[in-house]
Amino acid sequence: MARLPRYVIPGQPQHIIQRGNNRQAIFAAEADYQFFRDALVEASLKHGLAIHAYVWMTNHIHLLATPEFDESISKVFQSVGRKYVQYFNFTYKRSGTLWEGRYRATVVDGERYLLTLMRYIELNPVRAVIVAHPRHYPWSSYAFNAQGESGPNADWLTPHKEYLRLGWSAADRQGAYRQLFRAAVSNDDLKAFRECTHKGWALGSEGFKEQIERLTQRRAVSKGVGRPRKESGGA
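Values in this document were obtained by computation on a predicted structure and should not be read as measured data. (Residues numbered from 1 in each chain as written. Predicted model: local features only at pLDDT ≥ 70, side-chain atom pairs only at ≥ 80, totals over all residues. Heavy atoms only, no water.)

**Examining the overall build of the protein**
1) Next: For the protein, the count of helices and strands is nine helices and four strands.
2) Next: Listing the helices and strands of the protein from first to last along the sequence gives β-α-β-β-α-β-α-α-α-α-α-α-α.
3) Next: In the protein, which comprises 235 residues, the proportion classed as buried is 49%.
4) Next: Contacts spanning at least 24 positions in sequence make up 72% of the contacts within the protein whose residues lie at least 6 apart.
5) Next: With the model as given, the accessible surface of the protein reaches about 12,200 Å², and the carbon-plus-sulfur share is 50%. (Helix = DSSP H or I, 4+ residues; strand = E, 2+ residues; numbered from the N terminus. Buried < 20%, exposed > 50% of the residue type's maximum accessible area, 1.4 Å probe, protein only. Contact = heavy atoms within 4.5 Å. Areas by Shrake-Rupley, 256 points an atom, 1.4 Å probe, with all protein chains shown as cover.)

**Some points on the nonpolar core**
1) Next: With 60 residues, the main nonpolar core has Phe36 and Trp56 as its most contacted residues.
2) Next: Contributing elements (two or more residues each) for this core: helix H1 (30-47), strand S2 (49-56), strand S3 (60-67), helix H2 (72-91), helix H3 (110-122), helix H5 (142-147) and helix H8 (187-199).
3) Next: With eight residues, the top contributor of residues to this core is H2.
4) Next: Excluding residues within four positions of it along the chain, Phe36 makes contact with Phe27, Trp56, Ile61, Val80, Tyr84 and Trp99.
5) Next: Within the second largest apolar cluster, six residues are counted, among which are Ile9, Val107, Phe208 and Ile212. (Core = buried A, V, L, I, M, F, W, Y, C linked by side-chain atoms within 4.5 Å.)

**Some remarks on the packing of aromatic side chains**
1) Next: A full pass over the atoms with the stated rule returns 23 aromatic pairs.
2) Next: Here Tyr33 and Trp139 contribute two aromatic rings whose centre-to-centre distance is 4.9 Å and whose plane-to-plane angle is 10°, an arrangement assigned as stacked. Residue Tyr33 is located in helix H1, and its partner Trp139 is located in the loop between helix H4 (124-127) and H5; the two are separated by 106 residues in the primary sequence.
3) Next: For Tyr33, a relative accessible area of 10% gives the class buried.
4) Next: Using a relative accessible area of 4% as the deciding quantity, one classes Trp139 as buried. (Phe/Tyr/Trp six-rings, centres within 6.5 Å; stacked < 30°, edge-to-face > 60°.)

**Quick word on the confidence of the model for the protein**
1) Next: Overall, the prediction assigns the protein a mean pLDDT of 90, with 90% of residues at 70 or greater.
2) Next: Confidence drops under pLDDT 50 across residues 225-235; counting only partners more than four residues distant or on other chains, this segment forms six contacts. (pLDDT = per-residue confidence, 0-100.)

**Observations concerning the sheet that holds S3**
The strands that make up a sheet pair up through hydrogen bonds in the backbone, lying either parallel or antiparallel.
1) Next: Pairing within the open sheet is antiparallel, and its four strands lie in the order S2-S3-S1-S4. Edge positions in the sheet fall to S2 and strand S4 (104-107), since each has one partner strand and no second. Between one strand and the next, the sheet's axes are offset by a mean angle of 20°, whatever the strand orientation.
2) Next: Bridging between S2 and S3 involves seven bridges; their strand directions are antiparallel. Each residue of the ladder has a partner; that of Trp56, found in S3, is Ile61.
3) Next: In this fold H3 packs onto strand S1 (14-19), S2 and S3, with an angle of close to 155° to the strand it touches most, S3. (Pairing = 2+ DSSP bridges. Axes fitted to C-alpha atoms, helices over the stretch in contact; angles between N-to-C directions.)

**Concerning the pattern of salt bridges**
1) Next: Overall, the coordinates contain six salt bridges when judged by the stated rule.
2) Next: As a salt-bridge pair, Glu162 and Arg165 come within 2.5 Å of each other at their nearest N and O atoms.
3) Next: Arg165 sits in the exposed class, given a relative accessible area of 55%. (Salt bridge = Lys/Arg side-chain N within 4 Å of Asp/Glu carboxyl O.)

**Let's talk about the environment of Gly11**
1) Next: With respect to the helices and strands, Gly11 occurs in the segment before S1.
2) Next: When the C-alpha atoms of Gly11 and Asp70 are compared, they prove to be 9.5 Å apart, with 59 residues separating the residues in sequence.
3) Next: Other than its neighbours up to four places away in sequence, Gly11 contacts Thr66 and Pro67.

**Notes on the layout of surface pockets**
1) Next: Within this model, the second largest pocket holds a volume of roughly 180 Å³.
2) Next: As for the second largest pocket, its lining consists of Ile17, Arg19, Arg23, His62, Glu100, Arg104, Tyr120, Asn124, Arg127, Arg194 and His198.
3) Next: Mapped onto the lining of the second largest pocket, the elements with two or more residues apiece are S1, H4 and H8.
4) Next: Of the residues in the lining of the second largest pocket, the class split is two nonpolar, three polar and six charged. (1 Å grid on protein atoms, 1.4 Å probe; cavity = no way out; pocket = protein on both sides within 12 Å on 5 of 7 lines; lining within 4 Å. Points joined across faces, edges and corners; volume = space filled by probe spheres on them. Nonpolar A, V, L, I, M, F, W, Y, C, P; charged D, E, K, R; others polar.)

**What to know about empty space enclosed by the protein**
1) Next: A full pass over the atoms with the stated rule returns two cavities of 30 Å³ or more.
2) Next: Around the largest cavity sit Gln18, Phe36, Leu40, Ile61, Phe77, Val80, Gly81 and Trp99, which together line it.
3) Next: Of all the secondary structure elements, the ones that give two or more residues to the lining of the largest cavity are H1 and H2.
4) Next: Residues belonging to the lining of the largest cavity are distributed by class as follows: six nonpolar, two polar and no charged.

Here it is as structure tokens:
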């Protein structure tokens, strides 16, 4: 099935993935991550994109972010993509594209999925067997969300309201967030995150999907997924 057109609802979080072309590396040195970070922070502040969680792997990135405007995400990725490709090509004396086409994204039901999706994002280096625990990976939001660390890799993050509900104080929230990592992300959730982001389907409950379809006037789920069939005849 063809991927659905992307849609954006201001104020509703989205899971966003951008990959290197043919899965090639997009980061080769510490300076690359730093340049990408600075370009992303500048663009997100300029275009109204609040970032709640992230991880930057060798050949792809994940963001969980809420757009303020219809074009917040597209403008951020246009700006960052242009600056970073120019930097990367100049640094490594190469030419041509770096990204695998457009970014992929799915609108997210925050109440149902936000905290689980944050875990999914920050556990990427563990699933890739790069580190044993997400606290050991420097290019993710785990240190901020779970440990309250500040600095250039964290000070620009915006806690989502679902995260803030974890506790009255920052220490309470961080402790509750760390407890979430004692449970693995279920295989069903892993499948849902990957399918919805790849295909552009809405990620959430049936009621959420129906609401997104009403707001956007377009289909937000596969024709064969997520809609129970009506039974004919009596109960």
